[in-house]
Amino acid sequence: MSRPRRRSPLVGATAAACAVTLGLTAVPAQADEVNQIINGDFTNGTAPWWGTENIQLDATDGVLCVDVPGGTINAWDVIIGQDDVPLIEGESYSFSFTASGTEQVSIRALVQEPVEPWSTQMDERAILGPEAQTYEYVFTSTVDWDDAQVAFQIGGSDDPWTFCVDDVALLGGAEPPVYEPDTGPRVRVNQVGYLPHGPKNATVVTDATEALTWELADSDGTVVATGQTEPHGADASSGLNVHTVDFSSYTTAGSGYTLTADGETSYPFDIDESAYEELRVDALSFYYPQRSGIEILDSIAPGYGRAAGHVGVAPNQGDIDVPCAPGTCDYSLDVSGGWYDAGDHGKYVVNGGISVHQLMNIHERSQSAPTAQPDKLGDSTLRLPETGNGVPDVLDEARWEMEFLLSMQVPEGEPLAGMAHHKIHDEQWTGLPLMPAADPQPRYLQPPSTAATLNLAATAAQCSRVFEPYDAAFAAECLDAAETAWDAAQANPAIYAPAVGEGGGPYNDNNVTDEFYWAAAELFLATGAEKYRTAVTSSPLHTDDEEVFRDGAFDWGWTAPLARIQLATVPNDLADRDRVRDSLVAAADDYLAGVESSPWGLTYNPDSGVFVWGSNNLVLNNMVIMAVAFDLTGDTKYRDGVLEGMDYIFGRNALNQSYVTGYGEKDSRNQHSRWYANQLDPRLPNPPKGTLAGGPNSDASTWDPTAQATLTGCAPQMCYIDDIESWATNELTINWNAPLSWVASFVADQDDAGDGSEEPEEDTVPPTKPENLQVTNVTSTSATLTWDASTDNVGVVGYELEMGYTDVIQYLDSTTQTSYELTGLQPGRKYTFWVVAYDAAGNFSQSASVSFTTEEDEEPPVSGACEVEYRTTDWPGGFTAAVRLTNTGDTAWSSWELGFTFPSGQTVDHGWSATWEQNGARVTATSMPWNGSIAPGGSIDIGFNGTWNGSNGKPEEFTVNGESCTVS
């Protein structure tokens, strides 16, 4: 296949002048070739060619010219075509034409089915200019058709222009097209660079069976190191015979190094401790121009400025009032904002969930990991409009998506209230290129799903933790949405998205045990509530390490490892937390073994041998596991595994391809996108620097037409093409850039990692005890705790608080501050509070304690009207009770006490979110310091586990603060 050389635009001409200046040179035909196109030279006028109603065909001068109207959206809005063209299965054809345009513009040339689904045998893009140019494409037909359609789709331009075409030919007998990727030099290196004190490995593609000499040269060509390759032999993932090179002992920083072996010299690379600092910023700054609902400013993202997409400015229908898909519900939601998921205009909760989680987790790691550099991810570190607001930029970007996810929750009072809509996208697929603001399609909310709801529960719970120091109100909004979503998912545990769809990807997932586990973990970490602890420990995944860290890697469809990562790294009092940490380290050992056995340093080694769609994000997510193992253990072998894994992403692979735009000598730059579409329209940019391509995909059942036409029979690593039409191998997505951002930040933090000759000792030094713990501002229901900051040999991460009264001691909360506001206390009660400091290694200080008694309340607590909902889940001899208290009065509760009497001799064994006491059949539950304040109309969920014998009757009367409540 050949592509035309691109030319610069010249001054436009009229249709008549265009015909005169066309250099009409027909493609030479062999004697046995028959042109399947009738009147391809237009000597007999325009018949049998046809055009859409918005154009007039003119062949007055023996060249077909048309004036193309401006203001069209899609390429197919203006078409010239010819029908009833015969094709023979297995025959190879050459399709050629000579064309020009008064403006530099992209057109689409097709040989296709004449009716829906418009399946194609050839689909090519040509860049036209005022100077006539001949284009030729070769394809092999896979069908017998006697009615194929040849079409030139020439719409999609804002401005009017003139199109001229001549000498259209479709000739059989062509040489079958053979795709041969340009793999460059046979010495494959990380084209970006290596850290001076990290591993440095390369791969040589060679038929040699004996060791070869390699030479490392600096930018002047001076040889600075030599050695012998290590023969590896045949590699199944690439289909190549290879040797490996290890030049880790060379540690001198510099740029422009090259490696030579077997007569081949690699692409240049650097040895630089800051090699990944720019990538940390670029990979995260990818998200700003991916935003929906906001103008993208060229001053922030140079070259990527564009109008706001989907804000209701014609022809755009907007996301500010989106109805449900017909027949699914009768309301509309404002779901503006968020990130466009990939190269289309859809927005998906399940894909947004893992993406925003990993961005928030980048911030979490920056606050706690021993090698983290939090200042590198603070305010004003990325390219986005919210800089200078005192909030870390990575959280500003995450909030843009988090607010969209919150908006996808089904409103109260509607069927499936609290669930999350699975996605929102166009009614039908749109073509390429198409700017977001020019999308004319109607958009619909697709029905809720359990998977989407649990993604919302998990990320909103995480949001409540990470945003609490910066915006307590937003954090509280997130936590409320998370708990509401959890309850909705519990009530609707098996609502699955369909596996098909039009206008957007399905993102179907019929196994949500992993999402339940992840959401429970995030809610437990956010609240410490016993019901979430129980949900974590009772999940079958909590102890099934083999299933959690299954073959391949985690992604949007398998999120169980996210629960393990969070439980292992976020401070908590889970009883088997050490086992959780050990399981993660064991998984890292498995991935590390893959790195060490692969001649490419590849972390991804599925048992099937098949590389699936988006394999590069799986490579990176396995590196996340190894990086977390390094953070937990300090063992440099895991850090080195991550560093070597980056080699594959940046060129040490079968194709010698850097899969990140703007990084490396041969980088991916034509990722599938409707607005980063330079390959189709020179006026548009390539994707931003720091954009990850999906990568090799050897699952042929998922291939697009471009992959099908070029990649047949490829070894897994070879199944990739840097073409905008190959969405199966070359798409960009928010969830693929998320692990790239995470790993880039981790690697950038290793710039002072040392020479690796000695593993650092495990940090066993605890922080100092919090001193000067005091209680002030004591009232009947509140008080303030303050203490002096602790110190640590590495750094204090935060403080945990416990509360005691009578004979009850329980976990209260964690904080990064040295003060804590206590609310919802009971009047006249003695309390004891303990505060301990902890560091990133999980070491806890000695506890400081203080005791005090709240003031007596001269007046009884204000109650007002109340409503109680009491539901149980029973099993032989036991039950779980879920209780919701609602303040239906006009006055806020500053604290509350629920009272009821068991009718059948039941007992409370263990309760949560309240202080539970039982005296005979009488039960009381009093508010905690964090949930005593309930505004009018507000609710609080509490519960307990209990036992029964004979029957489990429901209490007849409930009181709050002594006043009888309505029972629902």
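Look up a bit, the structure's there.
What you see is a predicted model; the values in this text were computed from it and never measured.

**Details of the state of the cysteines**
Okay, so step 1: Scanning the model with the defined rule gives five disulfides in all.
Okay, so step 2: Cys714 shares a disulfide with Cys719; S-S distance 1.9 Å. Handedness of the Cys714-Cys719 disulfide follows from its S-S torsion of about 105 degrees: it is right-handed.
Okay, so step 3: Here Cys866 is linked by a disulfide to Cys965, with a sulfur-sulfur distance of 1.9 Å. Looking along the S-S bond of the Cys866-Cys965 disulfide, the torsion reads about -95 degrees, which is the left-handed sense. Remark: Cys965 occurs in the loop between strand 42 (963-964) and strand 43 (966-967) and Cys866 occurs in strand 34 (residues 866-875); sequence separation between them is 99 residues. The same class applies to Cys866 and to Cys965, which are both buried.
Okay, so step 4: What connects to what in the chain, once the bonded cysteines are numbered by sequence position, is 1-2, 3-4, 5-6, 7-8, 9-10.

**Brief notes about the nonpolar core**
Okay, so step 1: Ranked by size, the top nonpolar core spans 156 residues in total, and within it Tyr276, Leu279 and Met402 carry the most contacts.
Okay, so step 2: Per element, the largest residue contribution to this core is twelve residues, and it comes from helix 12 (residues 615-633).
Okay, so step 3: Residues contacting Leu279, with those up to four places away along its chain left out, are Met646, Phe650, Val660, Tyr663, Gly690, Leu740 and Ala744.

**Quick word on a negative patch on the surface**
Okay, so step 1: The grouping of Asp83, Asp84, Asp146 and Asp147 at the surface amounts to a negative patch.
Okay, so step 2: Structurally, the position occupied by Asp146 is in strand 8 (residues 145-153).

**As for the pattern of salt bridges**
Okay, so step 1: In the structure shown here, the tally under the stated rule is 39 salt bridges.
Okay, so step 2: Where Glu264 meets Arg186, a salt bridge forms, and the shortest distance between an N and an O atom there is 3.8 Å. Linking Glu264 in strand 18 (residues 264-265) with Arg186 in the loop between strand 9 (161-172) and strand 10 (187-188), this pair joins segments that are 78 residues apart in sequence.
Okay, so step 3: Of the residues examined, Arg186 reaches a relative accessible area of 24% and is grouped as partly exposed.
Okay, so step 4: Through salt bridges that share partners, Glu277, Arg280, Arg365, Lys376, Asp631 and Asp749 make up one connected network.

**Re the pairing of strand 13 (residues 213-217)**
Okay, so step 1: Sheet topology places strand 13 next to strand 14 (residues 223-228); five bridges connect them, and they run antiparallel. Paired with Thr213 across the two strands is Gln228, which belongs to strand 14.
Okay, so step 2: Connecting strand 13 to the next strand, strand 14, in antiparallel fashion are five residues, including Gly221 with a positive phi near 90 degrees.

**Considering the packing of aromatic side chains**
Okay, so step 1: Counted by the stated rule, this structure contains 46 aromatic pairs.
Okay, so step 2: Aromatic side chains Trp486 and Tyr532 sit 5.8 Å apart centroid to centroid with 80 degrees between the ring planes, which places their arrangement in the edge-to-face category. Taken together, the positions of Trp486 in helix 6 (residues 472-491) and Tyr532 in helix 8 (residues 530-538) put the pair 46 residues apart, joining distant regions of the chain. Side by side, Trp486 and Tyr532 carry an identical accessibility label, which is buried.
Okay, so step 3: Each ring, one from Tyr831 and one from Phe833, has its centre 6.0 Å from the other, and the planes form 25 degrees; the classification is stacked.
Okay, so step 4: Over the aromatic face of Trp742 sits the side chain of Arg365, whose NZ or CZ is 6.0 Å from the ring centroid.

Cut-offs used in this document
- Residues numbered from 1 in each chain as written.
- Predicted model: local features only at pLDDT ≥ 70, side-chain atom pairs only at ≥ 80, totals over all residues.
- Heavy atoms only, no water.
- Disulfide = S-S within 2.5 Å.
- Helix = DSSP H or I, 4+ residues; strand = E, 2+ residues; numbered from the N terminus.
- Buried < 20%, exposed > 50% of the residue type's maximum accessible area, 1.4 Å probe, protein only.
- Core = buried A, V, L, I, M, F, W, Y, C linked by side-chain atoms within 4.5 Å.
- Contact = heavy atoms within 4.5 Å.
- Patch = residues over 30% accessible without salt bridge, like charges linked within 9 Å, V, L, I, M, F, W, Y side chains within 5 Å.
- Areas by Shrake-Rupley, 256 points an atom, 1.4 Å probe, with all protein chains shown as cover.
- Salt bridge = Lys/Arg side-chain N within 4 Å of Asp/Glu carboxyl O.
- Lys, Arg positive; Asp, Glu negative; His and termini not counted.
- Charge placed at Lys NZ, Arg CZ, Asp CG, Glu CD.
- Pairing = 2+ DSSP bridges.
- Phe/Tyr/Trp six-rings, centres within 6.5 Å; stacked < 30°, edge-to-face > 60°.
- Lys NZ or Arg CZ within 6 Å of the ring centre and 35° of its normal.

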